[in-house]
Amino acid sequence: TFCVLFSGVLSCFAQDSYRETIKQLAEVSGGVIDSKEKIVTSFSPILISMGYADSTAKRLSAEYYDEVFINDVLDWMESVYKPLTSEADLKSAIEFFTSPAGKLAEEHSKIYADEKAQQGMMTKMMPDITKIAMGEKAGKVESDAPKGYQKVFHEYCKLSGMEKSMDVMVSQMLNLMGGNNEKLTKSLSDYFATNLETLMMDLGYPTMTEEDLNTYVNFFKTNSGKKISAANSEIIKGAVKFGLSEAIKFQMM
């Protein structure tokens, strides 16, 4: 009986340890846990539309972030990562993201989520999108990035999970632009399949350096890196669904 109880206690400690390590990874890697400011900005308008004062809506949104949202994100991450990664894999990732090269690469990678940079990418795309909408063909997007950089970026996309992220992005854009027009959807799909990697590369270049890309590539080639990348891909695929579920949950509270 003692052995059974003791093994149960050890099991609880192991689970708590994995959860804590997941939390550490989320804190150092960024991208998964949205900032408090972003959640308040996204969620407070929901309450304002329901008749709450602006100050009250912001306060309740901030409280939701602290008391509910963070735990929900960690629950979600744990459910995705645990079948795919060991605690040792998580610790390997934490070691990578806290290394000088990893921290610098992670800081530079924030350019991909920068709103101004994304607007620039959309501006670059719009002439081609307009052509496609008018039934014309759009050419291939050319990049000014050096050929060596382009080669490493392609490898980075394959290994890091960015390719999955781009698939999700394409799906969202097709829903917005194509609607029920099958011909338009097909033309847009072909355009993005040909050009989105180049557009994303140009969005990051030169802030995201070739050294940064190689830093990521070298990590994601390791056994732990491959498992982390697989888990990240699942997180990317489920991000929209998770965000919607949190918005609905917030409204119901």
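Caption draft 1: Representation of the overall build of the protein chain in the model. Scanning the protein chain from N- to C-terminus turns up 11 helices and zero strands. Scanning the protein chain from its N terminus toward the C terminus, one meets helices and strands in the order α-α-α-α-α-α-α-α-α-α-α. Of all 253 residues assigned to the protein chain, the portion counted as buried reaches 40%. A separation of at least 24 residues holds for 80% of the contacts in the protein chain among residues at least 6 apart in sequence. When the accessible surface of the protein chain is split by element, carbon and sulfur atoms take 56% of a total near 14600 Å². Once the 27 positive and 35 negative side-chain charges of the protein chain are each reduced to a mean point, those two points are 4 Å apart.

Caption draft 2: Inspection of the packing of aromatic side chains at higher detail. Per the counting criterion, the structure on display carries 17 aromatic pairs. Taking the centre distance of 4.4 Å and the plane angle of 10° together, the rings of Trp76 and Phe242 count as stacked. Residue Trp76 is located in helix α3 (residues 54-81), and its partner Phe242 is located in helix α11 (residues 223-252); the two are separated by 166 residues in the primary sequence. Between Phe96 and Phe219 the ring centres are 4.5 Å apart and the planes differ by 10°, which places this aromatic pair in the stacked class. Within this pair, whereas Phe96 is found in helix α4 (residues 87-98), its partner Phe219 is found in helix α10 (residues 210-220), the two being separated by 123 residues in sequence. Taking the relative accessible area as the measure of exposure, Phe96 reaches 9% and is therefore buried. Under the relative-accessibility criterion, Phe219 is labelled buried at 6%. Three or more aromatic residues joined by ring pairs make a cluster, and in this case those are Phe96, Phe97, Tyr112, Phe153, Tyr156, Tyr216, Phe219 and Phe220.

Caption draft 3: Up close: the confidence of the model for the protein chain. In the predicted model, the protein chain carries a mean pLDDT of 89, and the fraction of residues at 70 or more is 92%. Ranking the helices and strands of the protein chain by mean pLDDT puts α10 first, with 98, and helix α1 (residues 2-29) last, with 68. pLDDT under 50 marks residues 1-14. Its contacts with residues more than four places away, or in other chains, come to one contact.

Caption draft 4: Geometry of helix α7 (residues 147-160). Spanning 14 residues, α7 covers 20 Å between terminal C-alpha atoms, matching the ideal 20 Å at 1.5 Å per step. If you check which residues of α7 are buried, you get Tyr149, Val152, Phe153, Tyr156, Cys157 and Ser160. Taken end-on, α7 shows its buried residues confined to a sector of 145°, consistent with a single buried face. Exposed residues on α7 whose side chains face more than 90 degrees from its buried face are Lys147 and Lys151. Just downstream of α7, Gly161 is the residue with a positive phi angle, here 100°.

Analysis parameters
- Residues numbered from 1 in each chain as written.
- Predicted model: local features only at pLDDT ≥ 70, side-chain atom pairs only at ≥ 80, totals over all residues.
- Heavy atoms only, no water.
- Helix = DSSP H or I, 4+ residues; strand = E, 2+ residues; numbered from the N terminus.
- Buried < 20%, exposed > 50% of the residue type's maximum accessible area, 1.4 Å probe, protein only.
- Contact = heavy atoms within 4.5 Å.
- Areas by Shrake-Rupley, 256 points an atom, 1.4 Å probe, with all protein chains shown as cover.
- Lys, Arg positive; Asp, Glu negative; His and termini not counted.
- Charge placed at Lys NZ, Arg CZ, Asp CG, Glu CD.
- Phe/Tyr/Trp six-rings, centres within 6.5 Å; stacked < 30°, edge-to-face > 60°.
- pLDDT = per-residue confidence, 0-100.
- Expected span 1.5 Å × (residues − 1).
- Arc of directions from axis to C-beta.

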